[in-house]
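# Breakdown of the fold
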Amino acid sequence: MIKKLGIPKEVKQDEGRVALIPEHITQFTGLADIFVETQAGVGSGFTDEDYKQAGAKIVSSAEELYGTAQIICKVKEPQSEEFELLNSDHVLFGYLHLASNLSLTKILLEKKLTGIATEMIMSGKEYPLLIPMSKIAGNLAIQKGMQFLEYSSKGKGLLLSSLSGEKNSKVTVIGCGEVGRSSIHKSIQIGASVTAIDINEDILNELKNQYGENITTLVSGSESATNAIRSADLVVGAVLLPGRKPPIVITEEDISSMEKGSVIVDVAIDQGGCVEGVKPNTHSEPFEIRSGVIVSAIANLPGAVPKTSSIELSTNLQKYVDYLLVENWFDEYKNNESLRPSLQIHNGLLLSEEVADSLSLTLSKLV
Ligand SMILES: NC(=O)c1ccc[n+]([C@@H]2O[C@H](COP(=O)([O-])OP(=O)(O)OC[C@H]3O[C@@H](n4cnc5c(N)ncnc54)[C@H](O)[C@@H]3O)[C@@H](O)[C@H]2O)c1
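Remember, it's a predicted structure, so these values are computed and weren't measured experimentally. (Residues numbered from 1 in each chain as written. Predicted model: local features only at pLDDT ≥ 70, side-chain atom pairs only at ≥ 80, totals over all residues. Heavy atoms only, no water.)

### Here's the deal with helix α6 (residues 131-148)
Residues three or four positions apart in an α-helix share a direction because the helix packs 3.6 residues into each turn. Its 18 residues place the ends of α6 25 Å apart at the C-alpha level, agreeing with the 26 Å of an ideal helix rising 1.5 Å per residue. Here α6 lies mainly inside the structure; 13 of its 18 residues are buried. (Helix = DSSP H or I, 4+ residues; strand = E, 2+ residues; numbered from the N terminus. Expected span 1.5 Å × (residues − 1). Buried < 20%, exposed > 50% of the residue type's maximum accessible area, 1.4 Å probe, protein only.)

### A few points about the sheet that holds strand β14 (residues 343-346)
Judged by pairing direction, the sheet is mixed, and its eight strands sit side by side in the order β3-β2-β1-β4-β5-β6-β14-β15 without closing on themselves. Edge strands, defined here as strands with exactly one partner in the open sheet, are β3 (57-59) and β15 (349-350). Sheet analysis places strand β5 (residues 91-94) next to strand β6 (residues 114-117), joined by four bridges and oriented parallel. Bridged to L92 within β6 is G115. Lying on the sheet, helix α11 (residues 306-324) is in contact with β1 (3-7), β4 (71-73), β5 and β6; it crosses β5 at an angle near 165°. (Pairing = 2+ DSSP bridges. Contact = heavy atoms within 4.5 Å. Axes fitted to C-alpha atoms, helices over the stretch in contact; angles between N-to-C directions.)

### Section: the pairing of strand β11 (residues 263-266)
Covered by surrounding structure in β11 are V263 and V265 together with I264 and D266, the residues of both alternating faces. Relative to β11, strand β10 (residues 234-237) is paired through four bridges, and the arrangement is parallel. Each residue of the ladder has a partner; that of G237, found in β11, is D266. For β11 and strand β13 (residues 293-296), the ladder comprises three bridges, and the chain directions are parallel. Considered in β13, the bridge of I264 is made with V295.

### Describing the sheet that holds strand β8 (residues 193-198)
Taken in spatial order, the seven strands of this open sheet run β9-β8-β7-β10-β11-β13-β12, and their pairing is mixed. The sheet is open, and its two borders are formed by β9 (215-219) and β12 (288-290), each paired with just one other strand. Within this sheet the neighbouring strands show an average axis-to-axis angle of 20°, counted without direction.

### Focus: the site of the ligand
Not every one of the 27 residues close to the ligand is listed here, only the nearest: S134, V179, D198, S220 and L301. In the environment of the ligand, a nitrogen atom lies 2.8 Å from a nitrogen or oxygen atom belonging to the side chain of S220. Within the backbone of L301, an N or O atom sits 2.8 Å from an oxygen atom of the ligand. In isolation the ligand offers 860 Å² of accessible surface; the protein chains occlude 89% of this area. Per element, the largest residue contribution to the shell around the ligand is three residues, and it comes from α6. (Near = heavy atom within 4 Å. Polar contact = N/O pair within 3.5 Å; in protein donor to acceptor, adjacent residues only side chain to side chain. Areas by Shrake-Rupley, 256 points an atom, 1.4 Å probe, with all protein chains shown as cover.)

### Side note on the domain arrangement of the chain
In many reports, interface size means the accessible area that the parts give up when they come together. Assigned domains of the chain: these are domain 1 (3-127 + 306-359) and domain 2 (131-299). Placing a centre on the C-alpha atoms of domain 1 and another on those of domain 2 gives a separation of 30 Å. Of the residues lining the interface, 22 residues belong to domain 1; the matching set on domain 2 comes to 15 residues. Of the roughly 1600 Å² buried where domain 1 meets domain 2, counting both sides, 55% is carbon and sulfur surface. Three residues, D14, H97 and Y127, lead the burial of domain 1 against domain 2; their summed loss comes to 28% of the area buried on that side. Along the contact surface separating domain 1 from domain 2 lie one salt bridge. Two residues, R244 and D357, come together in a salt bridge whose shortest N-O distance is 3.0 Å. At the surface where domain 1 touches domain 2, the tally comes to ten residue pairs in polar contact (both at pLDDT 80 or more). Secondary-structure elements contributing two or more residues to the side of domain 1 that touches domain 2 are α11 and α13 (353-359). Looking at the side of domain 1 that touches domain 2, its residues break down into six nonpolar, seven polar and nine charged. (Domains from an automatic or database assignment. Buried area = accessible area lost by both parts, 1.4 Å probe. Salt bridge = Lys/Arg side-chain N within 4 Å of Asp/Glu carboxyl O. Nonpolar A, V, L, I, M, F, W, Y, C, P; charged D, E, K, R; others polar.)

### Some words on the pattern of salt bridges
Inspection of the entire model under this criterion finds 13 salt bridges. Note that K156 and D233 form a salt bridge whose closest N and O atoms lie 2.6 Å from each other. Of this pair, K156 sits in the loop between α6 and β7 (170-174) while D233 sits in the loop between α9 (223-230) and β10, placing them 77 residues apart in sequence. What makes K156 partly exposed here is its relative accessible area of 23%.

### Regarding the environment of K319
Its place among the elements puts K319 in helix α11. Residues K319 and H24, spaced 295 residues apart in sequence, show a C-alpha to C-alpha distance of 9.7 Å.

### Details of the packing of helix α7 (residues 178-189) against helix α8 (residues 201-211)
One way to put it is that α7 packs onto α8 with a least axis distance of 13 Å and a crossing angle of 25°. Relative to α8, the element α7 lies roughly parallel. In this structure, α7 meets α8 at a crossing whose hand is right-handed. Two secondary-structure elements touch here, α7 through R181, I184, H185 and I188 and α8 through I203, L207 and Y211. Here the contact of α7 with α8 is built from residues that sort into five nonpolar, one polar and one charged. (Parallel < 35°, antiparallel > 145°, perpendicular 65-115°, else oblique. Left-handed = near helix turned anticlockwise from the far one by under 90°.)

Right, here's the structure in full:
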């Protein structure tokens, strides 16, 4: 039977991304009927007409989209206004980040739908759907940090970029994976003095080899790492323990020891945040001020540049949508080592050990 694939308009605040762009849905014609909610692509520069030309049917409301489609292909986790639209026939396919979201996890379990967390799809040891967004987020963490350091943002009024080749600003990056490396690269490009902190010494050695004198590398938790956090103009928190809540690597005491007007960008907020006591912000209200320090935690940073982000996301996502369109799709996800970590919710069962651990819920097993 031909599947019905739906692409809703994202409703998370300031979220302009769309999961699949018109160019990438043409390949599904014949395998699935594609339904797109009107204006779903507009934030990324794609019109309803573009989707129609690619073979999709435009539906006029979220109710119609969720009522018609079985596979819901979206970017961000469902928001409260979407909960009532979900039903047990749905395969929900998107970034779910359940480890930090008990209420959403419970709702998805109650709905008895299938929830596939795209951030947990693996290729070898990598997370191919997290990587492109992480690269963008790491870049944006510096872009946002530069803006928050401005006087009008209540920052210390410091230009992060070097004017004369001398390094007049300090950036500390904690967690040197995809996000961290992107932040490090951009900070070095603009001439900041950069310190990289990680628990993985191999990663730190690689960075030292790559950037030489332009970078200081420190092991997480050391006294010098604490000093590098407290003396920085901009700190980027980008740690990850896959599928779990991140550790707290920036404490209240660190914040109160920093110079007033300094900035912290907690990129790990989508998993719950790595700054003590952090609360999620939005692009419209991007930070709070704590002890005179600007603390920003925007869970959908790539949503700031939806055109770039949607193209990157859709390019990487399309291949995994393909797996959902075959007759035995559930077995594909259940039995394939790379796909299995993303199959987190099914028919009222919680199948992710990391989510169960993080939220103290019972793990179920498929028989
Ligand atoms: N806010 C957003 O819009 C957004 C977008 C993309 C990714 N993210 C988040 O950013 C975080 C980083 O993602 P990534 O793709 O770079 O992950 P990654 O796995 O590539 O890198 C994480 C790094 O953190 C390090 N780490 C773990 N524990 C640490 C600790 N205690 N101290 C120092 N380093 C530690 C790991 O060794 C690793 O190098 C994740 O939480 C991810 O969900 C957020």
